[in-house]
Amino acid sequence: MTFYPVCASDPHSVPGVPPEKALEMLKEGNARFVGEKAEHPHTKIDRVRDTAVNGQHPFVTMMACSDSRVPLEEIFDQGVGDIFSIRVAGNVSGSDEIGSIEYGVVHTGTRLLVVLGHTKCGAVTAACTGGGHEGNIENLMRALQPAVAVTESKTGKRGTEIIPQCCRENVFVQIENILKNSKILQESVKKGELTVVGAIYDIDTGCVEFLGQHPFTATLANGANGIPATRPVSMPRSVQSSYPAPAYRPVPATYSAGSYPVLVTEESSLPGQPQKPRRQGGVRNLLKRQ
Ligand SMILES: [Zn+2]
């Protein structure tokens, strides 16, 4: 794959495992896992003692779903101290998750961030079908609404039909949200110190498909100027459905096959709607802890 040379001087001069190497290690580990040739590295007690004494030096920061069928060290055949992991249902990126990612990049020195979705995600399924209204689960549903909106606009469909694609779209929606809301990560990407890629894990086969970088990585790293705002999603779905259909921008043809087509619409372009102040930081507000 091609890595995004945003404005790196010499990315290889930065400490830490280079992102190309880290990605290779993940691919090789997953191949071992799928091929039943797992080596289970770094799983002995001497590794535990070594990392306790000498500190952690993971080679990747990874944000993934909490789903028990997505155990990161297993599916990538890694061990203790290898993966700085953030796991939350639906792999959504609120401020705590973004802060954890920043920690993984700044304080443990990882140079590859992987946002890993998975097939048949229960949280995504609930978001697509209007479920998940219990307690604080509602907050997860709000954070998944941008992915649902993008998928609905691309497919013209709703509900169960869009679940597989929404699991993939959500990966890039979360990458976008992460970069939009982290000056630290923006700077790391701009300096060539960090590469951010999406991936999707197939819970039927055990295979991880790497989806590449967000097509607007450079724009996002430069403060998201020029990225269209997502449609308003903080309102309940019942209210959303009473709004006129949003005026989505046509998807650029170059992004229609396999890569993520960003998006969407300006709030002010909704026909018949009073203009509202644009939300600072895109979807950040709706991701704030209640
Ligand atoms: Zn899931």
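The following refers to the structure shown.

Conventions used here
- Residues numbered from 1 in each chain as written.
- Predicted model: local features only at pLDDT ≥ 70, side-chain atom pairs only at ≥ 80, totals over all residues.
- Axes fitted to C-alpha atoms, helices over the stretch in contact; angles between N-to-C directions.
- Helix = DSSP H or I, 4+ residues; strand = E, 2+ residues; numbered from the N terminus.
- Parallel < 35°, antiparallel > 145°, perpendicular 65-115°, else oblique.
- Contact = placed C-beta atoms within 7 Å.
- Nonpolar A, V, L, I, M, F, W, Y, C, P; charged D, E, K, R; others polar.
- Left-handed = near helix turned anticlockwise from the far one by under 90°.
- Expected span 1.5 Å × (residues − 1).
- Buried ≥ 20, exposed ≤ 12 C-beta atoms within 10 Å, placed from the backbone.
- Pairing = 2+ DSSP bridges.
- Core = buried A, V, L, I, M, F, W, Y, C linked by C-beta atoms within 7 Å.

On to the packing of helix α5 (residues 122–129) against helix α6 (residues 137–155). Running from amino to carboxyl end, α5 crosses α6 at an angle of 75°, the nearest separation of the two axes being 9 Å. Here α6 runs roughly perpendicular to α5, going by the angle between their axes. Contacts from A123, V124, A126, A127 and C128 in α5 reach L140, M141, L144, Q145 and V148 in α6. Classifying every residue of the contact of α5 with α6 by side-chain character gives nine nonpolar, one polar and no charged.

The next point concerns the packing of helix α4 (residues 95–106) against helix α8 (residues 183–190). Helix-helix packing is described using two parameters, namely the angle between the two axes and the distance between the axes. Running from amino to carboxyl end, α4 crosses α8 at an angle of 40°, the nearest separation of the two axes being 9 Å. With respect to their mutual orientation, α4 and α8 come out oblique. Of the two elements, α4 crosses α8, and the hand of that crossing is left-handed. Of the residues in α8, those in contact with I101, E102, V105 and V106 of α4 are I184, L185 and S188. Looking at the contact of α4 with α8 residue by residue, the class counts come to five nonpolar, one polar and one charged.

For the rest of this paragraph, the subject is helix α7 (residues 163–180). Spanning 18 residues, α7 covers 25 Å between terminal C-alpha atoms, matching the ideal 26 Å at 1.5 Å per step. In terms of burial, α7 is a largely internal element, 14 of the 18 residues being buried.

In an α-helix, one turn spans 3.6 residues, which is why side chains three or four residues apart end up on the same side. Taking 1.5 Å per residue as the helical rise, α6 with its 19 residues ought to reach 27 Å, and the 26 Å between its terminal C-alpha atoms agrees with that figure. Here α6 has its buried residues at M141, R142, A143, L144, Q145, P146, A147, V148, A149, V150, T151 and E152. Downstream of α6 by a residue or two, G156 has a phi angle that is positive, lying close to 70°.

All right, on to the pairing of strand β4 (residues 195–201) then. Counting buried residues along β4, seven of its seven residues qualify, which places the element largely inside the surrounding structure. Side chains T195, V197, A199 and Y201 of β4 all project onto a buried face; the interleaved residues V196, G198 and I200 project onto the opposite face, where all are buried too. Inspection of the sheet shows β4 paired to strand β5 (residues 208–212) by four bridges, in the antiparallel sense. Looking across to β5, one finds that I200 is bridged to E209. Linking β4 to β5, which pair antiparallel, is a turn of six residues; within it G206 sits at a positive phi near 85°.

This part takes up the nonpolar core. The biggest cluster of nonpolar side chains holds 60 residues, and the ones touching the most others in it are V114 and L144. Broken down by element, this core gets its largest block of residues, eight residues, from α7.

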